[in-house]
Amino acid sequence: MQSEATVSLSEAQQTVQMSPAPATTQAIAPIQCPICGERNPPGEVYCVECGFLLSSAVPTEEPKAGVFPKLRDAGGREFLLKAGENLIGRDPSSDVLLSDGTVSRRHARILVEEKHAYIEDLGSTNGTKLNGQTIALGERVPLPAQAELQFGSVVLTLELPEGFETAVVAEEVAPPLAYLVNKEDPSQRFPLYTRAQRIGRRPGNDIVVPDAHVSGQHATIEVVGDEVRLTDLGSTNGTFIEDRRLVPNQPTAVPVGATITMGKTQFLIEWATPTETEADATQQTAETSEAEERE
């Protein structure tokens, strides 16, 4: 009887040891892409749907729904955008992979910063359009909700989550109303519009001032009616109109001909003349027509 009991225990132990290891089942299971959710066949290196490198590190936690913007195509396919730079193109390393012959390898990029999103064309062959308007190379354009973006012949719709600020795009594609001009180097002329534009040392600003004494986000500037209004954002070294230091976070009108000082850099305001405005509008119309003819 004692011998039989021993055999029974041994058989139980063998049964536990012979059970299939969970790793064996996982090795032959489809691989689910952590980016788009597509279930890929075993052995795939890149996701068959979005092109994500499946061997890359998987995010420790999935982003909360509705926190970041996303792009959607006509078929309902979604591309979730992340904070910072999102490259768009045909290159497999792109954040938004578009496998279409009319899309350049590095076509454009979308920048998600705080509660705003911006788009830039990266010198694509067939151009980038926002709501039918061609975006010029190097132009940084704010994106409104439900914006229609066209990369080559691929059209995507932007969805902004709750809390994102909807940008006004009309001023960006219209001619500038004034210019912020470097007093020492007049060739540095930054166009001004009716929306508030950020000025600072960091590359993400609308107007980048490469001055070590300028804060990362130093001030904002906007055209309101017949005034240019400047607002200091609590900068370390302050923003000055002539010798007067601005009170932080309080919009202040810039008098005609007054010198603006940020860090050690000085600026003047130049209003666009009607001739300049008409010339800019004519040039933009011509560029749009040429782009449409090429397509």
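**What to know about the overall build of the protein**
Counting secondary structure elements, the protein contains four helices and 24 strands. Classification of the 295 residues of the protein by burial places 37% in the buried group. Contacts in the protein between residues far apart in sequence, at least 24 positions, make up 39% of those at least 6 positions apart. Here the protein displays about 16800 Å² of accessible surface, and carbon together with sulfur accounts for 52% of that area.

**Structural notes on the nonpolar core**
One finds Leu 71, Leu 98, Ile 110 and Phe 151 to be the most contacted residues of the largest nonpolar core, which totals 24 residues. Residues within four places of Ile 110 in sequence aside, it is in contact with Leu 71, Leu 81, Gly 84, Glu 85, Asn 86, Ile 88, Tyr 118, Ile 119, Leu 143 and Leu 149. Core analysis: the second largest hydrophobic core is formed by 21 residues, Val 209, Ala 219, Ile 221 and Leu 230 among them.

**A look at the sheet that holds strand E11 (residues 141-142)**
Pairing is mixed across the open sheet formed by five strands, whose spatial order is E6-E5-E7-E8-E11. Two strands bound the open sheet, and with one partner strand each, they are strand E6 (96-97) and E11. Where strand E5 (residues 84-89) meets E6, two bridges bridge the pair, whose relative direction is parallel. Residue pairing in the sheet places Ile 88 in a bridge with Val 96 of E6.

**Structural notes on the sheet that holds strand E22 (residues 252-253)**
Sheet strands pair via backbone hydrogen bonds, and the direction of the pair is either parallel or antiparallel. The strand order E17-E16-E18-E19-E22 describes an open sheet built from five strands, whose pairing is mixed. Edge positions in the sheet fall to strand E17 (207-208) and E22, since each of these pairs with one other strand and no more. Both strand E19 (residues 227-232) and E22 contribute to a ladder of two bridges, which runs antiparallel. Paired with Leu 230 across the strands is Thr 252, a residue of E22.

**Regarding unusual backbone geometry**
In this structure, Glu 242 is a non-glycine residue whose phi angle is positive, near 60°. Here Glu 242 is to be found in the loop between strand E20 (239-241) and strand E21 (244-245). Phi is positive for Asn 249, close to 65°, though the residue is something other than glycine. Residue position: Asn 249 is located in the loop between E21 and E22.

**Thoughts on a nonpolar patch on the surface**
Taken together, the side chains of Val 45, Tyr 46 and Leu 53 define a hydrophobic patch exposed on the protein surface, amounting to about 260 Å² of accessible area. Mapped onto the elements, Tyr 46 comes out in the loop between strand E2 (39-40) and strand E3 (70-72). Residue Tyr 46 is classed as partly exposed on the basis of its relative accessible area of 43%.

**Observations concerning the pairing of E19**
In this sheet, E19 lies alongside strand E18 (residues 219-224) in antiparallel orientation, the contact comprising six bridges. Following the sheet pairing, Val 223 is matched in E19 by Val 228. Between the end of E18 and the start of E19, which pair antiparallel, lie two residues, with Gly 225 showing a positive phi angle near 65°.

**Describing the confidence of the model for the protein**
Per-residue confidence for the protein gives a mean pLDDT of 79; residues scoring 70 or more make up 74%. Predicted confidence for residues 284-289 stays below pLDDT 50, and this span has five contacts to residues more than four positions away or in other chains. Segment residues 291-295 is flagged for pLDDT under 50; beyond a separation of four residues in sequence, or across chains, it makes five contacts in the model.

**Considering the pairing of strand E24 (residues 265-271)**
Strand residues, when the strand is regular, have side chains that alternate between the two faces of the sheet. As defined by bridge partners, strand E14 (residues 178-182) adjoins E24 across five bridges and the pair is classed as antiparallel. Bridging from a neighbouring strand, Tyr 179 pairs with Glu 270 of E24. Relative to E24, strand E23 (residues 260-262) is paired through three bridges, and the arrangement is antiparallel. By the bridge assignment for E24, Thr 261 is matched with Gln 266. What sits between E23 and E24 in their antiparallel hairpin is a turn of two residues, with Gly 263 showing a positive phi close to 65°.

**Digging into the packing of aromatic side chains**
In total, this model carries zero aromatic pairs according to the counting rule given. Taking NZ or CZ as reference, Arg 140 lies 3.9 Å from the ring centre of Tyr 118, over its face. The ring centre of Tyr 179 lies 4.0 Å from the NZ or CZ of Arg 189, which sits over that ring.

**Brief notes about the pattern of salt bridges**
Scanning all chains against the criterion turns up 13 salt bridges. A salt bridge links Glu 113 to Arg 140, with the nearest nitrogen and oxygen atoms 2.8 Å apart. Remark: Arg 140 occurs in the loop between strand E10 (133-134) and E11 and Glu 113 occurs in strand E7 (residues 108-113); sequence separation between them is 27 residues. Like Glu 113, the residue Arg 140 is buried in the burial classification.

So, how was this worked out
Residues numbered from 1 in each chain as written. Predicted model: local features only at pLDDT ≥ 70, side-chain atom pairs only at ≥ 80, totals over all residues. Heavy atoms only, no water. Helix = DSSP H or I, 4+ residues; strand = E, 2+ residues; numbered from the N terminus. Buried < 20%, exposed > 50% of the residue type's maximum accessible area, 1.4 Å probe, protein only. Contact = heavy atoms within 4.5 Å. Areas by Shrake-Rupley, 256 points an atom, 1.4 Å probe, with all protein chains shown as cover. Core = buried A, V, L, I, M, F, W, Y, C linked by side-chain atoms within 4.5 Å. Pairing = 2+ DSSP bridges. Patch = residues over 30% accessible without salt bridge, like charges linked within 9 Å, V, L, I, M, F, W, Y side chains within 5 Å. Salt bridge = Lys/Arg side-chain N within 4 Å of Asp/Glu carboxyl O. pLDDT = per-residue confidence, 0-100. Phe/Tyr/Trp six-rings, centres within 6.5 Å; stacked < 30°, edge-to-face > 60°. Lys NZ or Arg CZ within 6 Å of the ring centre and 35° of its normal.

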